[in-house]
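What follows is the residue order along each chain.
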Amino acid sequence: MTLLLCGEATRVQAGACQSYEAAFNLEAGMRDGLTLKQAKASIFEDGYTDGSAACFAAIKNEINQMPYAFPLVNQALYKRTRR
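Residues numbered from 1 in each chain as written. Predicted model: local features only at pLDDT ≥ 70, side-chain atom pairs only at ≥ 80, totals over all residues. Heavy atoms only, no water.

K.L.:
Just to check I follow, could you spell out the overall build of the protein chain for this structure?
P.N.:
If you tally the helices and strands in the protein chain, you get four helices and zero strands. Shown N-terminal to C-terminal, the secondary structure of the protein chain runs as helices and strands in the order α-α-α-α. Residues classed as buried in the protein chain amount to 27% of the 83 residues present. (Helix = DSSP H or I, 4+ residues; strand = E, 2+ residues; numbered from the N terminus. Buried < 20%, exposed > 50% of the residue type's maximum accessible area, 1.4 Å probe, protein only.)

Structure, rendered in C-alpha cells:
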C-alpha cells in the first residue's frame, strides 16, 4: 500500500498553456452564447492559458489547423463567412 501526500506543494500542475483545451473551451463557450472576449476571459480564469502572447499564438495555431473543429472561434477571429 502506498501513502500519497496530497497538499499544495505536491499537486501536479497541468502547464501554463494548454492550447488545444483552450481552443476547445473557447468554442464551447461561444456555443453557450459567450462573446469571444468573454470566452477568452473564461479560459484564463479556468487556467488553460497564462495570458501570454505566445500562448494565444499557440491557441490560434490550433484553431487554424482545425477550422472545422472550431468554426465559431475561427469565424470570430478572422471574420470569415462560410460559403
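K.L.:
Where do I start with the packing of aromatic side chains in this structure?
P.N.:
How two aromatic rings sit relative to each other is set out by the distance from centre to centre and by the angle between their planes. With the rule as written, the count across this model stands at one aromatic pair. Across the ring face of Phe-56, the terminal group of Lys-40 is positioned such that the distance to the ring centre comes to 5.7 Å. (Phe/Tyr/Trp six-rings, centres within 6.5 Å; stacked < 30°, edge-to-face > 60°. Lys NZ or Arg CZ within 6 Å of the ring centre and 35° of its normal.)

K.L.:
So what exactly am I meant to see when it comes to the pattern of salt bridges here?
P.N.:
A side chain with one charge can pair with a side chain of the opposite charge if their charged atoms come near. Scanning all chains against the criterion turns up one salt bridge. The residue Arg-31 makes a salt bridge to Glu-27 at a minimum N-O spacing of 3.2 Å. In this pair, Arg-31 and Glu-27 are both assigned in helix H1 (residues 19–31), four residues apart and thus about one turn of the helix distant. (Salt bridge = Lys/Arg side-chain N within 4 Å of Asp/Glu carboxyl O.)

K.L.:
Any chance you could explain helix H3 (residues 53–65) here in plain terms?
P.N.:
The terminal C-alpha atoms of H3, which comprises 13 residues, lie 18 Å apart, in line with the 18 Å expected from a rise of 1.5 Å per residue. For H3, the set of buried residues is Cys-55, Ile-59, Glu-62 and Ile-63. Projected down its long axis, H3 carries its buried residues within an arc of 100 degrees, all on one side. Away from the buried face of H3 by more than 90 degrees, exposed residues Ala-53, Ala-54 and Gln-65 are located. In this fold, the buried residues of H3 make contact with H1, helix H2 (36–45) and helix H4 (71–78). (Expected span 1.5 Å × (residues − 1). Arc of directions from axis to C-beta. Contact = heavy atoms within 4.5 Å.)

K.L.:
When you look at the state of the cysteines in this model, what are you seeing that I'm missing?
P.N.:
The bond known as a disulfide is covalent and runs between the sulfur atoms of two cysteines. Scanning the entire structure with this criterion turns up one disulfide. What pairs with Cys-17 in a disulfide is Cys-55, and their sulfur atoms sit 2.1 Å apart. Negative torsions about the S-S bond denote left-handed disulfides, and the value of about 90 degrees found for Cys-17 with Cys-55 makes this one right-handed. Of the two residues, Cys-17 is situated in the segment before H1 and Cys-55 in helix H3; the sequence distance between them amounts to 38 residues. Accessibility expressed as a relative area gives 34% for Cys-17, which makes it partly exposed. For Cys-55, a relative accessible area of 2% translates into the label buried. (Disulfide = S-S within 2.5 Å.)

Just geometry here; none of it tells us what the structure is for.
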